[in-house]
Amino acid sequence: MSFLRSLLFSAPLIGLATIFMGTLSILASLFDPTGNSQHKLARAWGKFLLAVSFIRVRAEGLEKLDSGGTYVFVANHASYMDIPALLSRLPHQFRFFAKTGLYKIPFLGTHLRRAGHLPVDRSSARASLKSMTEGARIIATRGVSVLLFPEGGRSPKGLRQFKEGAAYIAIKAGVPAVPIAIVGMRRLLPMGSIHLRAGTAAVRIGDPIATQGLELSDRVELTQRLYAEISRLLEEPASVAEPVTRG
């Protein structure tokens, strides 16, 4: 029954909502070049996707963030539902880095570009550096946070080693890096699966790590610190963070 619900109810509604909200987002971009309206629509999209998937996401540690602050959010990545979870629970305006291949997909690519998200080309170190520099510039000039998945993509299990891009951007922009652990989402929608399971996941926010006074040469140490903190958040007692699944 759980699989049939996912296939016949959740998946079609997710598809329709994505097309509908994406169209609204593109229309909104004609009147709001900042991307702020698009982000609000994306937040509504994320909440809807979680609702029709019967997934509840609780946020832990929001009190650690300044509502008017600007950050580099750094999160683990295990499921396609991670982005809806973050959109629905982080109250800040933020833009994320997406693979260049996504920008080549009709409709989706247009939405990403007009919403102000940033393409990252991992096949070229020079192009990646340009993207990271642009991310730091956006933070500095527009006061908008950015989100990165430093593993470089979804991980089917465990936590992969982090790339240094998030640390580079945080140091260059001079803003805190915030470690975030998404706990339990891999169980609800595993990598490679289309079976959305009902249940509960958590977005755990760690203490912001200040970067003022750091040099770009400190990015390796900062990357290691972010990795250690997200690992710790993921490993906290199951009674606090482990999701309750049904089906």
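Remember, predicted model here, so these are calculated numbers, not experimental data. For every chain, the first residue of its written sequence is number 1, and the numbers climb from 1 along that sequence. Where local features are concerned, this predicted model is filtered to residues with pLDDT of at least 70; where side-chain atom pairs are given and counted, the filter is 80 or more; whole-chain, interface and lining totals use all residues. The side-chain figures draw on all heavy atoms in the structure; neither hydrogens nor water molecules are used.

Draft legend 1. Just the overall build of the protein, in detail. Summing up its helical and strand segments, the protein has nine helices and seven strands in all. Radius of gyration here uses only the C-alpha atoms, and the compact-globule reference equals 2.2 Å multiplied by the residue count raised to the power 0.38. Since a compact globule built from 247 residues should have a radius of gyration of about 18 Å, the 17 Å found for the protein is in line with a globular shape. Along the first, second and third principal axes, the C-alpha atoms of the protein reach 55 × 45 × 35 Å. A simple rule labels every residue: compare its accessible area, found with a 1.4 Å probe on the protein chains alone, to the largest value its type can have, and call it buried under 20%, exposed over 50%, or partly exposed in between. Here the protein, with 247 residues, has 50% of them falling under the buried criterion. Taking the intrachain contacts of the protein between residues at least 6 apart in sequence as the baseline, contacts between residues at least 24 apart amount to 76%. Counting only carbon and sulfur atoms, one obtains 60% of the accessible surface of the protein, whose full area is about 12000 Å². The distance from the centre of the 31 positive side-chain charges to the centre of the 17 negative ones in the protein is 10 Å. Labels follow the DSSP assignment, with helices taken as runs of H or I lasting at least four residues and strands as runs of E lasting at least two, numbered in each case from the N terminus. Throughout, a contact is declared for two residues whenever any of their heavy atoms are within 4.5 Å. In short, Shrake-Rupley with a 1.4 Å probe defines the accessible areas, and a residue's cover is counted only from the protein chains shown. Charge assignment in this entry is limited to Lys and Arg as positive and Asp and Glu as negative, and neither His nor the chain termini are counted. To locate a charge, the coordinates of NZ of Lys, CZ of Arg, CG of Asp or CD of Glu are taken.

Draft legend 2. View of the side chain of Ser79. Within the element layout of this structure, Ser79 appears in the loop between β2 (72-75) and α3 (82-89). Judged by relative accessible area, Ser79 falls into the buried class, the value being 0%. Not counting the four nearest positions on each side in its chain, Ser79 is found in contact with Arg154, Met185, Arg186 and Leu189.

Draft legend 3. Region of the structure containing the pairing of strand β7 (residues 199-205). The element β7 is largely enclosed, with a buried count of seven among its seven residues. Across six bridges, strand β1 (residues 55-60) lies against β7 in parallel orientation. Bridged to Glu60 within β7 is Arg204. Where strand β6 (residues 177-183) lies against β7, four bridges are found, and the strand directions are antiparallel. Considered in β7, the bridge of Ala181 is made with Arg204. What makes two strands pair is DSSP finding at least two bridges between them.

Draft legend 4. Structural detail: the packing of helix α1 (residues 2-29) against helix α2 (residues 36-52). Running from N to C, α1 and α2 point in directions that differ by 175 degrees, and their axes come no closer than 9 Å. With respect to their mutual orientation, α1 and α2 come out roughly antiparallel. Contacts between α1 and α2 involve Phe9, Ser10, Leu13, Ile14, Ala17, Thr18, Met21, Leu24, Ser25, Ala28 and Ser29 on the former and, on the latter, Ser37, Gln38, Leu41, Ala44, Trp45, Phe48, Leu49 and Val52. For the contact of α1 with α2, the per-class residue count stands at 13 nonpolar, six polar and no charged. Angular values range over 0 to 180 degrees, each being the angle between N-to-C directions of two axes fitted as lines to C-alpha atoms, with helices fitted over their stretch in contact. In this scheme, roughly parallel covers angles under 35 degrees and roughly antiparallel covers those over 145, while 65 to 115 is roughly perpendicular and the rest are oblique. Only Asp, Glu, Lys and Arg are considered charged, only Ala, Val, Leu, Ile, Met, Phe, Trp, Tyr, Cys and Pro nonpolar, and every remaining residue, Gly among them, polar.

Draft legend 5. A look at a positive patch on the surface. Only residues whose relative accessible area exceeds 30% and that form no salt bridge enter a patch; like-charged residues are grouped when within 9 Å of one another, and nonpolar side chains (Val, Leu, Ile, Met, Phe, Trp, Tyr) when within 5 Å. Should a side-chain nitrogen of Lys or Arg be within 4 Å of a carboxyl oxygen of Asp or Glu, the pair is scored as a salt bridge. Residues Lys99, Arg122, Arg160 and Lys163 make up a contiguous surface patch of positive charge. Within the secondary structure, Arg160 sits in the loop between β5 (145-148) and α6 (165-173).

Draft legend 6. Molecular detail of the sheet that holds β6. Sheet architecture is open: seven strands sit in the order β1-β7-β6-β2-β5-β3-β4, paired in mixed fashion. This sheet does not close on itself; its edge strands, each paired only once, are β1 and β4 (118-120). Strand-to-strand twist across the sheet, computed as the mean angle between neighbouring axes with direction ignored, equals 25 degrees.

Draft legend 7. Expanded view of the pairing of strand β3 (residues 94-99). Burial within β3 is extensive, with five of its six residues counted as buried. For β3 and β5, the ladder comprises three bridges, and the chain directions are parallel. For Phe94, the partnering residue across the bridge sits in β5 and is Ser145. For the crossover that starts at β3, traverses helix α4 (residues 108-115) and ends in the parallel β4, the hand is right-handed. Call a crossover right-handed when, viewed with both strands pointing away from you, the route from the first strand across the helix to the second goes clockwise.

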